[in-house]
Amino acid sequence: MPTLLVTGGCGFIGSNFVRHLLATDPATQIINFDALTYAGNLANLTDVVKHPRYTFVRGDVTDREQVRAAMGRGVTDVIHFAAESHVDRSIQDSGPFLKTNVIGTQVLLDAAREFGVKRYVQVSTDEVYGSLGDTGLFTEHTPLHPNSPYSASKAAADLLVQAYQHTFGLHAVITRCSNNYGPYQFPEKLIPLFVSNLLADQQVPVYGDGMQVRDWIHVLDHCRGVEAAWRKGRSGEVYNFGGRCEKANLHLTHLLLELLGKPKSLIKYVADRLGHDRRYAIDCTKAERELGWAPQVPFETGLRETIEWYRANAAWVAAIKNKDYLAYYEKQYGGR
Ligand code: NAD
Ligand code: TYD
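Residues numbered from 1 in each chain as written. Chains lettered and ligands numbered in written order. Predicted model: local features only at pLDDT ≥ 70, side-chain atom pairs only at ≥ 80, totals over all residues. Heavy atoms only, no water.

A.B. asks: Break down the sheet that holds strand β9 (residues 213-218) for me, with residues and values.
C.D. replies: Taken together, the three strands give an open sheet; going across it, the order is β7-β9-β11, and neighbouring strands pair in mixed fashion. Two strands in the sheet have a free side with no partner beyond their single neighbour: β7 (179-181) and β11 (246-248). Neighbour-to-neighbour, the strand axes of the sheet open up by a mean angle of 50°, direction not taken into account. Inspection of the sheet shows β7 paired to β9 by three bridges, in the parallel sense. Residue pairing in the sheet places Y181 in a bridge with H218 of β9. Each of β7, β9 and β11 is contacted by helix α10 (residues 299-312), which is oriented at about 50° to β7, the strand it contacts most. (Pairing = 2+ DSSP bridges. Helix = DSSP H or I, 4+ residues; strand = E, 2+ residues; numbered from the N terminus. Axes fitted to C-alpha atoms, helices over the stretch in contact; angles between N-to-C directions. Contact = heavy atoms within 4.5 Å.)

In structure tokens:
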């Protein structure tokens, strides 16, 4: 029976992945290794906490001894989700991004070697490719051109993974996915921030002219892709995942207003993000061809379900948007 170390399993994508795998794979033990930073939330997995094939270990990927202790529990495979993940925070302070995303990956790779891990998956992002103009798509051959401290730290981690694969023969695969949406996403990212604000009749901050384009994918489609890369990915290869669903932020905002029945007056145009990438769009034909994967959730269906999830889980949102968090948010972003 494989014993899979999932790092960052208390975050948005990691928690969806853990729930998905427990429900669909009766043969894998999961150890969720998570430091519980501001983005990590035990409440994301309360429904599986007593599952016989699930164990939670609190630990930091930058702490060699904590990582070694977790690996020593018989880990055979690793899927590395844990990261600092929010671009705006990386612009405020890149320190935690370099530490967790780069050094954390190095520590994990060393431990994977030491403990003879059979398959290692690095969950990366399309943002490592930089920004597109009005046309074109990112392929796995697009040169790395990260523009934010977040994407630079993720690109650095990808290069380390490739170096460990090449130098030490570690079986390692890298996945690069576009913007995810779905349940349990921390309400600092566009869709959960806007949905939760609009549900409370609060304004939504659109950066700059709002014409930046993102390629949206439902989190479960991403999780199925990561699973396929883990099971079938060829060592040393990169696989892109995307939803074939390009939307300008402003158009997405209008759609959210419409679905929630809220007025356009709730849009607040604010100063643009520094160095804001204009457009991301993914060519995912390699993953379709080699992994037999394809995005399945139609955007409007997934978006409606996500809105309903946030409506039904107002207490989850409220616990996050508490007084301390709001004070932090106001301090960091209030001046926009
Ligand atoms: P998230 O911010 O919601 O969750 C990150 C998780 O990692 C949290 O549970 C946090 O506690 C944990 N963590 C952070 N630092 C840690 C450390 N030092 N040690 C152990 N755990 C730590 O992030 P997410 O949106 O779920 O993203 C997960 C991964 O997917 C990241 O690697 C991210 O770069 C990548 N990704 C995200 C998206 C997206 O749209 N959200 C798209 C493509 C790729
Ligand atoms: P985000 O969810 O932070 O993801 P990423 O920056 O990783 O793509 O942002 C998605 C897009 O929405 C991005 O172009 C920035 C924009 N945005 C806003 O206009 N307002 C906001 O409050 C946020 C959080 C994002």
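Now that the structure has been shown, the text picks up again.
A.B. asks: For the nonpolar core, give the residues involved together with the corresponding values.
C.D. replies: Formed by 43 residues in total, the largest nonpolar core has its most connected members in L5, M71, V78, Y120, F241 and L291. At the level of elements, β2 (29-34), α2 (64-71), α4 (95-114), α5 (149-168), β6 (172-177), α7 (219-232), β10 (238-241) and α9 (285-291) are the ones that each hand at least two residues to this core. The element contributing the most residues to this core is α4, with five residues. Residues in contact with V78, not counting those within four places in the same chain, are L4, L5, M71, L108, V117, R119, Y120 and V121. L193, C245, L256 and W309 belong to the second largest nonpolar core, which has 28 residues in total. (Core = buried A, V, L, I, M, F, W, Y, C linked by side-chain atoms within 4.5 Å. Buried < 20%, exposed > 50% of the residue type's maximum accessible area, 1.4 Å probe, protein only.)

A.B. asks: Give a description of the sheet that holds β2 that names residues and reports values.
C.D. replies: An order of β3-β2-β1-β4-β5-β6-β10 is seen for the seven strands of this open sheet, with the pairing classed as parallel. At either margin of the open sheet sits one strand with a lone partner, and together these are β3 (54-58) and β10. Averaged over all adjacent pairs, the angle separating strand axes in this sheet is 20°, with direction ignored. As defined by bridge partners, strand β1 (residues 3-7) adjoins strand β4 (residues 77-80) across four bridges and the pair is classed as parallel.

A.B. asks: Report on the pattern of salt bridges, specifying residues and quantitative values.
C.D. replies: In the structure shown here, the tally under the stated rule is 19 salt bridges. When the shortest N-O distance is used, the salt bridge between D209 and R278 registers 2.8 Å. Residue D209 is found in the loop between β8 (204-207) and β9, and its partner R278 is found in the loop between β12 (267-270) and α9; the two are separated by 69 residues along the sequence. Since its relative accessible area comes to 38%, D209 is described here as partly exposed. Salt bridges sharing common partners tie together R234, E237, K286 and E290. (Salt bridge = Lys/Arg side-chain N within 4 Å of Asp/Glu carboxyl O.)

A.B. asks: Any chance you could break down the site of ligand 1 for me, citing the residues and the numbers?
C.D. replies: The environment of ligand 1 is formed by 28 residues, the closest being I13, D34, S85, Y150 and K154. Separating an oxygen atom of ligand 1 from a backbone N or O atom of F81 is a distance of 2.9 Å. Protein burial of ligand 1: of its 840 Å² of free accessible surface, 96% is covered by the chains. Ranked by residues supplied to the shell around ligand 1, first place goes to strand β5 (residues 119-125) with three residues. (Near = heavy atom within 4 Å. Polar contact = N/O pair within 3.5 Å; in protein donor to acceptor, adjacent residues only side chain to side chain. Areas by Shrake-Rupley, 256 points an atom, 1.4 Å probe, with all protein chains shown as cover.)

A.B. asks: Kindly report on the site of ligand 2, identifying the contributing residues and their values.
C.D. replies: As a structural note, the neighbourhood of ligand 2 is formed by 18 residues, with E127, P205, R214, R273 and H276 the closest of them. Within the side chain of E127, one N or O atom sits 2.5 Å away from an oxygen atom of ligand 2. Measuring from an oxygen atom of ligand 2, one finds a side-chain N or O atom of H276 at 2.7 Å. Within the complex, the protein chains bury 97% of what would otherwise be the 510 Å² of accessible surface of ligand 2. Of all elements in the fold, only α6 (190-199) and β8 reach the threshold of two or more residues within the shell around ligand 2. Its residues assigned to classes, the shell around ligand 2 comprises eight nonpolar, five polar and five charged. (Nonpolar A, V, L, I, M, F, W, Y, C, P; charged D, E, K, R; others polar.)

A.B. asks: Describe the environment of L4, listing the residues and the values that go with them.
C.D. replies: With respect to the helices, strands and loops of the structure, L4 is situated in strand β1. Under the relative-accessibility criterion, L4 is labelled buried at 0%. In this structure the C-alpha to C-alpha distance between L4 and V67, which are 63 residues apart in sequence, comes to 13 Å. In contact with L4, not counting residues within four places along its chain, are F17, L21, T28, Q29, I30, I31, D77, V78, I79 and W230.

A.B. asks: So what's going on with the packing of α2 against α4? Which residues, and what values?
C.D. replies: At their nearest, the axes of α2 and α4 sit 10 Å apart, and the two run at 40° to each other. At the point where α2 passes α4, the crossing takes the right-handed sense. In contact with R64, V67, R68 and M71 of α2, α4 contributes Q106, V107, L108, D110, A111, A112 and E114. (Left-handed = near helix turned anticlockwise from the far one by under 90°.)

A.B. asks: How would you explain the pairing of β2 if you had to name every residue and give the values?
C.D. replies: Most of β2 is tucked away: five of the six residues are buried. By the bridge criterion, five bridges tie β1 to β2 in an arrangement that is parallel. Its bridge partner being in β2, V6 is matched across the sheet by N32. Running through helix α1 (residues 12-24), the crossover from β1 to the neighbouring parallel element β2 is right-handed. Two elements, β2 and β3, share five bridges in a ladder whose sense is parallel. Looking at β3, one finds that I30 is bridged to Y54. (Right-handed = clockwise from strand over helix to strand, strands pointing away.)

Keep in mind that these numbers describe shape and distance, not what the molecule does.
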